[in-house]
Amino acid sequence: MVFPDAKTGIIAILGHPVHYSLSPVIHNTALQKQGLNYVYVAIDLAPDRVSQAVRGLNALGFAGANVTIPHKQAVLPHMDSLSDTARAIGAVNTIVCKENQLYGDNTDIEGFLAPLKDLELHGAPMTLLGAGGAARAAAYGLLRDYSPNPLTLVARRVDQAEKLADDFSAFGGHLEVCDFDTASRYIRESRLIVNCTPIGMYPNVQETPWEQKEDFAPGQIVYDLVYRPYRTRLIQEAAHRGSVTIGGLTMLIEQAAAAYRQWTDRDMPVDVVHDTLAKLFTT
C-alpha cells in the first residue's frame, strides 16, 4: 500500500450529497492495486460554492475530479476547454487539471456504450425510459453510434422529452416521444430498452419503471442504469421473459475507467474493481 505524502495526487468527487457514491471505492481500489501515489476523496459541495471549489482545484494541486448531481452543468462555465462530448451533452462529469488549465469531459457516454459494443444494434428500434440527464447521455451515444430507427423517449413529463428530442434533432435519426401510458407498443417493438430513471434503486427495490413485464421478450436487450441493487426488479423480470439483460454496474465502472485513464495514464484494473463491488453488494 502507498501511504499519502507531499507528492500524493488528489482526486475528488464533487456532489451534493455524495455519501452514497461508490466512486471512492472504485478509484481507491484501482489506485491501491496498481500502487499509484494518488488518493480519491468525496467532497460534499454546496451549490453556492461550486465556482470557488472548481477554481481552487489547480491551486491546491488536484490531479482532477469527478462531478455528480447536481453540479454537472454548473461547472461548465469554469472549464478552460471542453471535449466535444461534454459540449454536446451540456454536462461535465470529469475534470482534468493540467498545466494550470481545467479540461472538462463527459465519460458517461463511454461508460454507457461499453457493454453494447459487441451487439448488433445499428438502425434498430430503441426506447429510453426517462428524459433527464442520464437519458440525455444515452440518447447522444445511441444517436451518434447506432442511428436507431426510431429512438423513443418515454417520459412522465413529455415536454422534457420533447426538449431533449429537439436538442438532438441535428444528429439525424427518427425520434419519437410519448408518455408511460402509451409506451407499451414501443417497448414491445424495441431491440434495446434502457432505464434512465432512478426507479428501482435501493432502498426502493420493489419498484420498476415498467410494470408490464409481458412486453419483454427473447431477442430484446434490457439495460438498467440503476446499479444498486445488483439485479433490479426490471432486470430480473426481463431475464425471466428471455431478454438479454445488462445491469448498471458495468456502466458505473467503465465511465470511471475512462476518467481514471485521463488522470493516471493507466488502464483501470476493471476486473478487480468489479469483484470488489460485487462482494460489497452481496454482503
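In short, a report on the structure.

Rules of the game
- Residues numbered from 1 in each chain as written.
- Predicted model: local features only at pLDDT ≥ 70, side-chain atom pairs only at ≥ 80, totals over all residues.
- Heavy atoms only, no water.
- Core = buried A, V, L, I, M, F, W, Y, C linked by side-chain atoms within 4.5 Å.
- Buried < 20%, exposed > 50% of the residue type's maximum accessible area, 1.4 Å probe, protein only.
- Helix = DSSP H or I, 4+ residues; strand = E, 2+ residues; numbered from the N terminus.
- Contact = heavy atoms within 4.5 Å.
- Salt bridge = Lys/Arg side-chain N within 4 Å of Asp/Glu carboxyl O.
- Pairing = 2+ DSSP bridges.
- Axes fitted to C-alpha atoms, helices over the stretch in contact; angles between N-to-C directions.

1. Some points on the nonpolar core
And step 1. Counting 35 residues, the largest nonpolar core has F112, L116, L128, L142, L192 and Y223 as its most contacted members.
And step 2. Those elements that provide at least two residues to this core are helix 4 (108–113), strand 7 (126–129), helix 5 (133–146), strand 8 (151–154), helix 6 (158–167), strand 10 (192–195) and strand 11 (221–224).
And step 3. Counting residues per element, this core draws most heavily on helix 5, which supplies 8 residues.
And step 4. Setting aside chain neighbours within four positions, we find L142 in contact with F112, L113, L116, M126, L128, S147, P148, L151 and L192.
And step 5. Among the nonpolar cores identified, the runner-up in size contains 23 residues, and I26, V96, A256 and Y260 belong to it.

2. Brief notes about the pattern of salt bridges
And step 1. Summed over the entire model, instances satisfying the criterion amount to 12 salt bridges.
And step 2. For D108, the salt bridge is made with K72, and the minimal N-O distance between the two is 2.8 Å. Taken together, the positions of D108 in helix 4 and K72 in the loop between strand 3 (62–67) and strand 4 (81–82) put the pair 36 residues apart, joining distant regions of the chain.
And step 3. Residue D108 is classed as buried on the basis of its relative accessible area of 11%.
And step 4. With its nearest N and O atoms 3.5 Å apart, the salt bridge here joins D215 to R188. Here R188 lies in helix 7 (residues 184–189) and D215 lies in the loop between strand 10 and strand 11, a separation of 27 residues in the sequence.
And step 5. Take D215: its relative accessible area is 6%, and that puts it in the buried class.

3. Considerations on the sheet that holds strand 6 (residues 101–105)
And step 1. The sheet built from 6 strands is open, its strands ordered 2-1-3-5-6-4 with mixed pairing. Among the strands making up the open sheet, the edge pair consists of strand 2 (38–44) and strand 4.
And step 2. Pairing analysis gives 2 bridges linking strand 4 to strand 6, with the strands arranged parallel. The partner of L82 across the bridge, within strand 6, is G104.

4. Digging into the pairing of strand 6
And step 1. Of the strand pairs in this sheet, strand 5 (residues 94–98) and strand 6 are connected by 5 bridges, and their pairing is antiparallel. Counted as the bridge partner of T94 is D105 from strand 6.

5. Some points on the sheet that holds strand 10
And step 1. Across the sheet, which stays open at both edges, the 6 strands sit in the order 9-8-7-10-11-12 with parallel pairing between neighbours. The open sheet has two free edges, formed respectively by strand 9 (175–178) and strand 12 (244–246), since each of these has just one partner strand. Taking the axes of each pair of neighbouring strands and ignoring which way they run, one obtains an average angle of 15 degrees across the sheet.
And step 2. Packed onto the sheet, helix 6 meets strand 8 and strand 9 and runs at close to 170 degrees relative to strand 9.

6. Focus: the pairing of strand 3
And step 1. Most of strand 3 sits out of view: 6 of its 6 residues are buried.
And step 2. Judged from the 3 bridges that link them, strand 3 and strand 5 form a sheet pairing that is antiparallel. Paired with A65 across the strands is I95, a residue of strand 5.

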